[in-house]
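Listed here are the chains, written in short residue letters.
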Amino acid sequence: DALGPTITIGEILVEIMATDRGTGFLEPITLIGPYPSGAPAIFIDQCARIGGAAGIIACVGDDDFGRVNVARLRADGADVSAISISAEFPTGSAFVRYRTDGTRDFVFNIARSAAAQIDLSAAARALIARSGHLHVMGTALAISGTIEIIEHAIAAIKARGGSISFDPNVRKELLGQSETRARFASLVDIADLILPSGDELFVAAGVTGESEAVRALFARNASEVALKRGAKGSTVFTRDGRRIDCPAFAVEEIDPTGAGDCFGGAYVACRRLGMPIEQALTYANAAGARNVTAKGPMEGAGTRAELDAFIAMTPGRSR
Ligand code: ATP
Ligand code: MG
């Protein structure tokens, strides 16, 4: 991390979840929360917990939902200096209830919350000026105004010789808008490392077929693609033709939310700490798998010692 910390930009939320499975929120039900959440926050928390230098540019409200998030990130070692506090808007939130088939009902308060008030403050500029890597979360493209800050950070970090990663987890509906689609494509063009999950690989590459899509990404700027396969593990492809498969760890899935973000946080942190792909990928798989065993989006994020213990005691899933 000689060039400086890994940073990300985007939403901090609390998640409040129904304790039982079912449909919707149309009658009183038992809820549990607030849990610290938001894809960029989960990513950066895992990045910090595993020992990477990490920071986030975000905004929370002047309320307990904001304080619970900032306290968690600070305790886990993330740089919280560029999290601004809105006097006007409450912290963003997501209420979630799992249906019996594993899909989810949500009530979001993001677009009109503090999460949408991110700005290029003096603290944000200072953090960008000392960082060595930007991780762009596709979810942040849903928030108006965030892309301009991301573009500023890309230019500044590239100018310092830093690198960029991109998780193309953008809601499909958003890619129906030509402006968002163009921005999405330019992020794919500029990223050194792309971390798609499932079909996001084809959306990012613009072609179907795994090897065709990976080849299309290497024809752009990427030198590594880390493909997430849920309970089937993951694969890293490199521009020089290597393919490293990592089977999933066998765990009982309690709450799948945040697996991909923890995977990414661990992978980026470990690569930036100088680990070879195989070792970084093992930690990333462990981070994703461990996180699904805990209720709450980032409750299962692990320190390096916790992940070493998890790896030692958890068998691989046979394929
Ligand atoms: P999310 O579902 O949070 O949006 P994602 O779709 O981006 O995440 P996933 O592929 O679901 O990413 O999960 C990331 C990684 O976490 C997987 O590649 C795998 O290593 C691990 N993982 C996820 N779910 C499981 C599971 N049920 N069992 C074991 N490992 C898992
Ligand atoms: Mg998933």
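Given the structure is predicted, the values throughout are model-derived calculations rather than measurements.

## Considering the sheet that holds strand β5 (residues 83-86)
Strands sit in the order β5-β4-β1-β8-β9-β10-β11-β12-β13 across an open sheet of nine strands; the sheet is mixed. Because the sheet does not close on itself, it has two edges, and the strands there are β5 and β13 (243-246). Inspection of the sheet shows strand β11 (residues 224-228) paired to strand β12 (residues 234-238) by five bridges, in the antiparallel sense. What sits directly across from L227, in β12, is T235. Together, β11, β12 and β13 form the strand contacts of helix α9 (residues 277-292), whose direction differs from that of β13 by roughly 30°.

## Topic: the pairing of strand β7 (residues 104-109)
Pairing geometry for strand β6 (residues 92-98) and β7, over six bridges, is antiparallel. For F95, the partnering residue across the bridge sits in β7 and is V107. What sits between β6 and β7 in their antiparallel hairpin is a turn of five residues, with G102 showing a positive phi close to 95°.

## Observations concerning the site of ligand 1
Taken together, 21 residues are adjacent to ligand 1, and S197, G230, G233, E253 and N285 come closest. One of the backbone N or O atoms of G258 is found 3.1 Å from an oxygen atom in ligand 1. At 3.0 Å from an oxygen atom of ligand 1 is found a main-chain nitrogen or oxygen belonging to G260. Its free accessible area being 610 Å², ligand 1 has 84% of it covered by the protein chains. Sorting the residues of the shell around ligand 1 by element identifies α8 (259-272) and α9 as the ones contributing at least two each. The leading source of residues in the shell around ligand 1 is α9, at four residues. For the shell around ligand 1, a count of residues per class yields nine nonpolar, eight polar and four charged.

## Brief notes about the sheet that holds strand β2 (residues 13-18)
Here we have four strands laid out as an open sheet, ordered β3-β2-β6-β7, and mixed in their pairing. Among the strands making up the open sheet, the edge pair consists of β3 (31-37) and β7. With strand direction ignored, the average angle separating the axes of adjacent strands in the sheet is 20°. As paired elements, β2 and β6 share five bridges and run parallel to each other. If you follow E15 over to β6, its bridge partner there is A94.

## Focus: the side chain of H133
With respect to the element layout, H133 can be found in strand β8 (residues 133-137). Within the structure, H133 has its side chain in polar contact with the side chain of S165 (distance 2.7 Å).

## Structural notes on unusual backbone geometry
The residue after G33, namely P34, is reached through a cis peptide bond having omega 5°. When you line up the elements, P34 lands in strand β3.

## Examining the layout of surface pockets
For the second largest pocket, the calculated volume is near 190 Å³. For the lining of the second largest pocket, the elements supplying multiple residues, two or more each, are β9 (163-167) and α8. Here the lining of the second largest pocket takes four residues from α8, the largest share from any one element. Residues of the lining of the second largest pocket, tallied by class, amount to four nonpolar, three polar and four charged.

Here is what the cut-offs are and how they apply
- Residues numbered from 1 in each chain as written.
- Chains lettered and ligands numbered in written order.
- Predicted model: local features only at pLDDT ≥ 70, side-chain atom pairs only at ≥ 80, totals over all residues.
- Heavy atoms only, no water.
- Pairing = 2+ DSSP bridges.
- Helix = DSSP H or I, 4+ residues; strand = E, 2+ residues; numbered from the N terminus.
- Contact = heavy atoms within 4.5 Å.
- Axes fitted to C-alpha atoms, helices over the stretch in contact; angles between N-to-C directions.
- Near = heavy atom within 4 Å.
- Polar contact = N/O pair within 3.5 Å; in protein donor to acceptor, adjacent residues only side chain to side chain.
- Areas by Shrake-Rupley, 256 points an atom, 1.4 Å probe, with all protein chains shown as cover.
- Nonpolar A, V, L, I, M, F, W, Y, C, P; charged D, E, K, R; others polar.
- 1 Å grid on protein atoms, 1.4 Å probe; cavity = no way out; pocket = protein on both sides within 12 Å on 5 of 7 lines; lining within 4 Å.
- Points joined across faces, edges and corners; volume = space filled by probe spheres on them.

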